[in-house]
Amino acid sequence: MLKIAIVGNIASGKSTVEDYISSKGYSVYDTDKISHEILNYSKDEIKAAFCKYDILEKNQISRKKIAEIVFANKEEKQKLENIIYPKLKQNLSEIFDNCKSRVVFVSVPLLFEVGWQNLFDKIIFVKADDDIRLSRLMKRNNLTKEQALLRINSQKPQADKVMRSDFIICNNDDIISLQKQTDEIIILLEDME
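Conventions we followed
Residues numbered from 1 in each chain as written. Predicted model: local features only at pLDDT ≥ 70, side-chain atom pairs only at ≥ 80, totals over all residues. Heavy atoms only, no water. Phe/Tyr/Trp six-rings, centres within 6.5 Å; stacked < 30°, edge-to-face > 60°. Lys NZ or Arg CZ within 6 Å of the ring centre and 35° of its normal. Buried < 20%, exposed > 50% of the residue type's maximum accessible area, 1.4 Å probe, protein only. Helix = DSSP H or I, 4+ residues; strand = E, 2+ residues; numbered from the N terminus. Pairing = 2+ DSSP bridges. Axes fitted to C-alpha atoms, helices over the stretch in contact; angles between N-to-C directions. Parallel < 35°, antiparallel > 145°, perpendicular 65-115°, else oblique. Left-handed = near helix turned anticlockwise from the far one by under 90°. Contact = heavy atoms within 4.5 Å. Nonpolar A, V, L, I, M, F, W, Y, C, P; charged D, E, K, R; others polar. Core = buried A, V, L, I, M, F, W, Y, C linked by side-chain atoms within 4.5 Å. Lys, Arg positive; Asp, Glu negative; His and termini not counted. Salt bridge = Lys/Arg side-chain N within 4 Å of Asp/Glu carboxyl O.

A. Looking closely at the packing of aromatic side chains. What the rule picks out here adds up to four aromatic pairs. One residue, K3, lies across the ring of F96, its end atom 4.9 Å from the ring centre. A cation over a ring is seen here: K79 above F50, with NZ or CZ 5.1 Å from the ring centre.

B. Just the pairing of strand β7 (residues 167-170), in detail. Because side chains alternate across β7, one face comprises the buried residues F167 and I169, and the other comprises I168 and C170, none of which is buried. With four bridges joining them, strand β6 (residues 122-127) and β7 adopt parallel strand pairing. Paired with F125 across the bridge in β7 is I168.

C. The arrangement of the packing of helix α2 (residues 31-41) against helix α5 (residues 74-98) in detail. Relative to each other, α2 and α5 sit at 120°, their axes nearing to 10 Å. Comparing their axes, α5 and α2 come out oblique. Relative to α5, the crossing made by α2 is right-handed. Across from T31, I34, S35, I38, L39 and Y41 in α2, the residues of α5 making contact are L80, I84, K87, L88, N91, L92 and I95. Looking at the contact of α2 with α5 residue by residue, the classes come out as nine nonpolar, three polar and one charged.

D. Quick look at the nonpolar core. One finds I46, F50, L80 and L111 to be the most contacted residues of the largest nonpolar core, which totals 30 residues. Broken down by element, the residue count for this core peaks at eight residues, all from α5. Aside from chain neighbours lying at most four places away, what touches F50 is I55, I66, I69, V70, E76, K79 and L80.

E. Main features of the side chain of Q158. Of note, Q158 is situated in helix α9 (residues 158-163). Contacts of Q158, omitting those with residues within four sequence positions, involve N9, F125, V126, K127, A128, D130 and R133.

F. Structural detail: the side chain of E18. Looking at the element boundaries, E18 is found in helix α1 (residues 14-23). One buried charge, E18, has no salt-bridge partner; the nearest side chain with opposite charge is K33, at 5.2 Å. Leaving out residues up to four positions away in the same chain, E18 has contacts with I6, V28, Y29, D30 and S107.

Here it is, written out as structure tokens:
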């Protein structure tokens, strides 16, 4: 099995690439979605770790409230990561053990931040200019410029990740360009099997 990571900083277009690859019939997993599930079933542990904060909404962990805390405070971010990441890594291991596909794609936005490059055979990095990402993030998440910049600046710079990736998709243009670049990479990956 060929294990491919799809990486990209926030608002770069990872989800669009994921959806497109999935539409071509490939197995695609999203660690953001898996993390949201972990957040839900780790509610008691997270409530205890963040007991000095109001993080609940309708008796559930509010992703919005927790995001405001962790993107503004590195220590609190580390605390949340210490709860989520070990469970996420275990989940990835189970996916790899149980997936019957010849090629499996996993979206891992923070691959380099958590140091999981060695879990994958190849890395696809989706990049977009910072001003485009800022605009997308503000619009998509209804954030102020300051809130969006906090999230953008919480990740390592794109240039570092580009140098450490096997394939680059530049997402500054239209969907047709994005799909064309993705198709070219898929052809190369199929030849590697």
